[in-house]
Amino acid sequence: MNRRQLLTGAALAGPAAIDLVANTPQGDRPRGQALPKKITGVEVLYLEKPLKDRFWMSRSPIGGIKPMASRVIVHLHTDAGITGHGEGRDAGAAAFRKGFADLVIGKDPFMVGEIWERMFSVTYGREGALKGWSQSAVIGAMAAIDAALYDIMSKAAGLPLYKYLGAYRHSVPLYVTGGYYREGKGIDELVKEVMGYVGQGFDAVKIKIGGITGGYSVEDDYNRIKAIRQAAGPKLKIMLDVNGGWDVATTIRASNKLYDLDIVWLEEPLHWYDDVEALKRVKMNTRIPLASGEAEIDRWGARRLMETGVIDFMQFDCHKNAGVTEFRKIAGMASMMHILMAPHHEPPLHGHLLASIPNGYILEGFANPDRDPFWFEIFDRKPRIEKSVLYLDDTPGIGVEFNQKALAKYGTKIG
Ligand SMILES: [Mg+2]
């Protein structure tokens, strides 16, 4: 019996054969399962659920003035029977409704770089105008498709995504975002909310501030945060998110006032129209570390933010924009600039990504079902989060499984 017969035949069974396979050069090893070579079908769902209340940030409520939770879910089917799942934000839905997902049919899922460039080319050519695919819709749709491709590749390799990408660790810290402004909610209610998170074991929270146009002065916000610090003690990590609510002078004054409350970072303090260059003025005049980047849609915008030297934490959100492929490039540049990655929203995908880079700092999560109902309703399987730590496991791919009843209840097929 020659070696090929040995490798393909019944002689494979038994300890001797295992030895032989272990000592065989990799290229000759038999594969247990065919690798996917083609994407054979795409399904896209758009999920919507009204929120019970308005959760106000500095200038607007989560999910709009008639608040709505929304999400896109893409399923990519392959010729090898593996299905990749990718999630995205609502922006991509407009492109999926007009056939954007057809771009990946017939493609080799391992050619993810080529597929990414093909999708991105829509943003600088005529195709977008001809097909009615806006730039923001394309960038949003790319995020979900790119995630699904990484899900396929890592499933085909039989590895969880973080190991497929080359892992640094098995778990990642996570903070809870809360402290929204709500009607009738005073400092007592705010402290009660935060102490509720602490009671669940969380040791890091992010609080919404900056609501000047909603009637909250810098002093009001200072008093809100001071009450939290006093109630929770020195160990609680506190991040603050201004959501673009302040001008330069207000930011400098407020950040210096807040400094003695031991703040991990101050996030997106400045109004949208001059939120990068003007941060230099803030950086020179404050001691609080600064975070930004959730609004960036690609690596060039992220570079502009990082090379000004103004941020300590980069918050690029590849669940919303441009996908895993782009996140990895931005994280690489950030590592060279001593900037830590702290992505905006959605722990399952970003958990794998932070575990597979040297400069992953912390994830954002939610602990209130009224604020983020989908986190609590749409998964049968999701990563375990305990005491501000997200634990990854050996489930191949991104490792989430959706609850089919919830998808049927909230989802509409859009592609
Ligand atoms: Mg934010």
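*Asks:* So what about the overall build of the protein chain? Which residues, and what values?
*Replies:* When helices and strands are counted, the protein chain shows 16 helices and 16 strands. Against the 2.2 N^0.38 benchmark of 22 Å for 415 residues, the protein chain shows a C-alpha radius of gyration of 23 Å, consistent with a compact globule. Taking the principal axes of its C-alpha atoms as reference, the protein chain extends roughly 85 × 50 × 45 Å. Counting the 415 residues in the protein chain, one finds 44% classified as buried.

*Asks:* Account for the pairing of strand 7 (residues 263–267), naming residues and giving values.
*Replies:* Burial runs high along strand 7: four of the five residues are buried. Where strand 6 (residues 237–241) lies against strand 7, four bridges are found, and the strand directions are parallel. Residue pairing for strand 7: Ile 238 is matched across the bridge by Ile 263. With two bridges connecting them, strand 7 and strand 8 (residues 290–292) associate as parallel partners. Bridging from a neighbouring strand, Glu 267 pairs with Ala 291 of strand 8. Once you follow strand 7 into helix 11 (residues 277–284) and on to strand 8, the crossover reads as right-handed.

*Asks:* Let's hear about the nonpolar core: which residues, and what values?
*Replies:* Within the largest apolar cluster, 108 residues are counted, with the highest numbers of intra-cluster contacts made by Val 74, Val 138, Ile 145, Val 205 and Met 314. The greatest single-element share of this core, amounting to 15 residues, is contributed by helix 6 (residues 135–156). Counting contributing residues, this core receives three or more from each of domain 1 (39–158) and domain 2 (163–402). Contact partners of Met 314, with chain neighbours within four places excluded, come to Gly 293, Ala 302, Met 306, Ile 330, Ala 334, Ile 339 and Met 341.

*Asks:* Would you mind going over the sheet that holds strand 16 (residues 411–413) in detail, with residue names and values included?
*Replies:* Pairing within the open sheet is antiparallel, and its four strands lie in the order 3-2-1-16. The open sheet has two edge strands with one neighbour each: strand 3 (83–88) and strand 16. Within this sheet the neighbouring strands show an average axis-to-axis angle of 25 degrees, counted without direction. Two strands pair when backbone bridges link them, and strand 1 (residues 39–50) and strand 16 are joined in this way by three bridges, in the antiparallel orientation. Within the sheet, the bridge partner assigned to Leu 45 lies in strand 16 and is Lys 413. Contacts from helix 6 reach strand 2 (68–78) and strand 3, with the element oriented near 150 degrees to strand 3.

*Asks:* Please give an account of the packing of helix 9 (residues 218–232) against helix 10 (residues 248–258) that cites residues and values.
*Replies:* Relative to each other, helix 9 and helix 10 sit at 25 degrees, their axes nearing to 10 Å. It follows that helix 9 is roughly parallel to helix 10 by the angle criterion. For the crossing formed where helix 9 meets helix 10, the hand is right-handed. For the pair helix 9 and helix 10, the contacting residues are Val 218, Tyr 222 and Ile 225 in the first and Thr 250, Arg 253, Ala 254, Lys 257 and Leu 258 in the second. Its residues assigned to classes, the contact of helix 9 with helix 10 shows five nonpolar, one polar and two charged.

Procedures and definitions
Residues numbered from 1 in each chain as written. Predicted model: local features only at pLDDT ≥ 70, side-chain atom pairs only at ≥ 80, totals over all residues. Helix = DSSP H or I, 4+ residues; strand = E, 2+ residues; numbered from the N terminus. Rg over C-alpha atoms; globule rule 2.2 N^0.38 Å. Buried ≥ 20, exposed ≤ 12 C-beta atoms within 10 Å, placed from the backbone. Pairing = 2+ DSSP bridges. Right-handed = clockwise from strand over helix to strand, strands pointing away. Core = buried A, V, L, I, M, F, W, Y, C linked by C-beta atoms within 7 Å. Domains from an automatic or database assignment. Contact = placed C-beta atoms within 7 Å. Axes fitted to C-alpha atoms, helices over the stretch in contact; angles between N-to-C directions. Parallel < 35°, antiparallel > 145°, perpendicular 65-115°, else oblique. Left-handed = near helix turned anticlockwise from the far one by under 90°. Nonpolar A, V, L, I, M, F, W, Y, C, P; charged D, E, K, R; others polar.

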